[in-house]
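Next come the chains, spelled out residue by residue.
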Amino acid sequence: MKIKKERRLKNIPTRASEKYRNFPMVPRVVYGIGSFDQLGTILMPKRKHSEAPVIYLVDDVFEGTDLVARIPKIFCDQIVFISAGEEPKTEQVDALVEMIKDNFQELPSGIVGIGGGTLLDLAKALAIMMTNKGSAAEYQGWDLVQKKSIYHVGIPTISGTGAEVSRTTVLMGPDKKLGINSDYTTFDQVILDPDLTNGVPKQQWFFTGMDCYIHCIESLNGTFLNAFSQSYGEKSLELCKEVFLKDLPVLESREKLMMASWHGGMSIAYSQVGVAHALSYGLGYLLGVKHGIGNCMVFQHLEEFYPEGVSLFNEMVKKHEIEIPTGICKDLSESEFDKMISVALNMEPLWENALGRQWKSIITPEKLKSIYKKI
Ligand code: NAD
Ligand code: ZN
């Protein structure tokens, strides 16, 4: 589509005095098999004193496993197991803040999130809400956070979302599904240990991995693209192709997908996602469809926007014998369609990235409804 090229390789102007975004990166990262065991040493200098705990938010899939036994829990540190069965909610973050304030006199020394995007996002949001007043819902949007978050560490156990590197934490709020996008959201430390993704069920591996693939396609085909995003996006796409289209040894595949996720996240940091994500947000908000699978449900129907990306995606689905659920929108009422469409249309930066400034002339509620009806 010609329209997509109009702002290619330019940057995203914000204010006249601030032509280029000055965005934060994760300042410290450890990578390698077994690097999880360095967590205790990493946390030690961050401990304020014995009454200021480290709070570990851990995916409950690990309850009772060796991984939990390896968590460096000392003093009054607390491990909180959380299910990743549903996407993280603002009210869940608020309840965690309250629990911590009730249980401890002191602000925690740090928050550590161990799990997939769900746990990583909860950890980021909790770190922000330990120092910012009110409900997490008040900060959903762009640059609404006033105060620096407390020290927080992200340890992914499944690869794809790029949540380990992004400056957002995507939350379901009372009236919207939207990220807390801020300079204080980004982790202070990330530990990338490819061994931790051992044991991810195949379908989930695929859906979360495809989140990364779709980040690359949407970033590389977007109007916000610049050389910075492109360099990360191309590397990530190359790694995704190796992981999902070749037959790599298992460990190499895990290592490469972990780095694909990182690069995919870096690519969208300086650009944006696009059509699949906007529509997937609608599915997530109305039907609770999780991010990775929702993206796949939508992406297969987006040939007109991403022809090459969709054709490669179909190849990957076939190779790995993945079943993408169908018919989930077939019984929806008109008002339910309207709600999903309104959530999707609200994601203006995504549409502008995908289709340019004139996106409203291309994307109408009827158009979105016709895509949702196929799902
Ligand atoms: P997830 O955290 O929702 O987990 C998916 C499933 O995998 C869960 O059942 C979980 O228990 C299981 N799992 C995780 N690690 C495992 C392991 N090692 N072994 C066995 N099972 C394991 O998955 P996700 O796809 O990484 O995250 C989705 C979330 O990420 C959504 O809430 C989405 O909004 C968010 N997200 C955030 C960003 C961001 O930049 N902040 C970007 C994309 C998506
Ligand atoms: Zn995504």
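Residues numbered from 1 in each chain as written. Chains lettered and ligands numbered in written order. Predicted model: local features only at pLDDT ≥ 70, side-chain atom pairs only at ≥ 80, totals over all residues. Heavy atoms only, no water.

Student: Looking at this structure, I do not really get the coordination of the zinc ion (ligand 2). What am I missing?
Tutor: Under ideal tetrahedral coordination, the four donors around a metal are separated by 109.5 degrees; under ideal octahedral coordination, the six donors are separated by 90 or 180 degrees. Asp 211 (OD), His 215 (NE2), His 277 (NE2) and His 291 (NE2) make up the full set of protein donors to the zinc ion (ligand 2), lying at 2.1 Å. Between the donor residues of the zinc ion (ligand 2), the gaps in sequence give the motif D-x3-H-x61-H-x13-H. Remark: His 291 occurs in helix H9 (residues 291–299) and Asp 211 occurs in helix H5 (residues 202–220); sequence separation between them is 80 residues. (Donors = N, O, S within 2.8 Å, 3.2 Å for Na, K, Ca; no water. Helix = DSSP H or I, 4+ residues; strand = E, 2+ residues; numbered from the N terminus.)

Student: Looking at this structure, I do not really get the environment of Met 340. What am I missing?
Tutor: In this fold, Met 340 is placed in helix H11 (residues 334–345). Judged by its relative accessible area of 0%, Met 340 is buried. Residues Met 340 and Leu 368 lie 28 residues apart in sequence; the distance between their C-alpha atoms is 9.1 Å. Setting aside anything within four residues of it in sequence, one finds Met 340 in contact with Gly 282, Leu 283, Leu 286, Cys 329, Leu 332 and Tyr 372. (Buried < 20%, exposed > 50% of the residue type's maximum accessible area, 1.4 Å probe, protein only. Contact = heavy atoms within 4.5 Å.)

Student: How should I be thinking about the site of ligand 1 in this particular structure?
Tutor: Lining the immediate surroundings of ligand 1 are 28 residues, of which Thr 118, Asp 121, Ser 166, Thr 208 and Lys 290 lie closest. In this structure, an oxygen atom belonging to ligand 1 sits 2.8 Å away from a side-chain N or O atom of Asp 59. Contact distances for ligand 1 include 2.8 Å between an oxygen atom and a backbone N or O atom of Gly 117. For ligand 1, whose free accessible area comes to 860 Å², the fraction covered by protein is 91%. For the shell around ligand 1, the secondary-structure elements that each account for two or more residues are helix H4 (117–129) and H5. Per-element accounting of the shell around ligand 1 gives the leading share, four residues, to H4. (Near = heavy atom within 4 Å. Polar contact = N/O pair within 3.5 Å; in protein donor to acceptor, adjacent residues only side chain to side chain. Areas by Shrake-Rupley, 256 points an atom, 1.4 Å probe, with all protein chains shown as cover.)

Student: How should the nonpolar core be read in this particular structure?
Tutor: Counting 62 residues, the largest nonpolar core has Phe 206, Tyr 213, Phe 299 and Leu 302 as its most contacted members. Sorting elements by how many residues they give to this core places H5 first, with ten residues. Here Phe 206 is in contact with Phe 244, Phe 313, Met 316, Val 317, His 320 and Ile 322, once residues within four sequence places are set aside. Counting 36 residues, the second largest nonpolar core, distinct from the first, contains Ile 55, Leu 119, Ile 128 and Val 190. (Core = buried A, V, L, I, M, F, W, Y, C linked by side-chain atoms within 4.5 Å.)

Student: In this structure, what is going on with the state of the cysteines? I would like to understand it.
Tutor: Disulfides are covalent bonds that connect the sulfur atoms of two cysteines. If you walk through the whole model with that rule in mind, you get zero disulfides. We note that Cys 240 lacks a disulfide partner, and the nearest cysteine sulfur, in Cys 212, lies 3.7 Å from it. (Disulfide = S-S within 2.5 Å.)

Student: What is the right way to look at the domain arrangement of the protein chain in this model?
Tutor: Interfaces are often described in size by the accessible area the parts lose on coming together. Per the domain assignment, the segments making up the protein chain are domain 1 (28–197) and domain 2 (201–372). The interface of domain 1 with domain 2 comprises 31 residues on the first partner and 24 residues on the second. Of the roughly 2,400 Å² buried where domain 1 meets domain 2, counting both sides, 66% is carbon and sulfur surface. The largest per-residue losses of area from domain 1 upon contact with domain 2 belong to Ser 159, Val 165 and Lys 177, which jointly make up 24% of the total buried on that side. Linking domain 1 with domain 2 are one salt bridge, by the criterion used here. The partner of Asp 195 in a salt bridge is Arg 254, with the nearest N and O atoms 3.5 Å apart. One can count eight residue pairs in polar contact (both at pLDDT 80 or more) joining domain 1 with domain 2. At the level of secondary structure, the elements contributing two or more residues to the side of domain 1 that touches domain 2 comprise strand S1 (28–31), strand S7 (170–172), strand S8 (177–181) and strand S9 (189–192). Among the residues making up the side of domain 1 that touches domain 2, the classes are represented as 15 nonpolar, eight polar and eight charged. (Domains from an automatic or database assignment. Buried area = accessible area lost by both parts, 1.4 Å probe. Salt bridge = Lys/Arg side-chain N within 4 Å of Asp/Glu carboxyl O. Nonpolar A, V, L, I, M, F, W, Y, C, P; charged D, E, K, R; others polar.)

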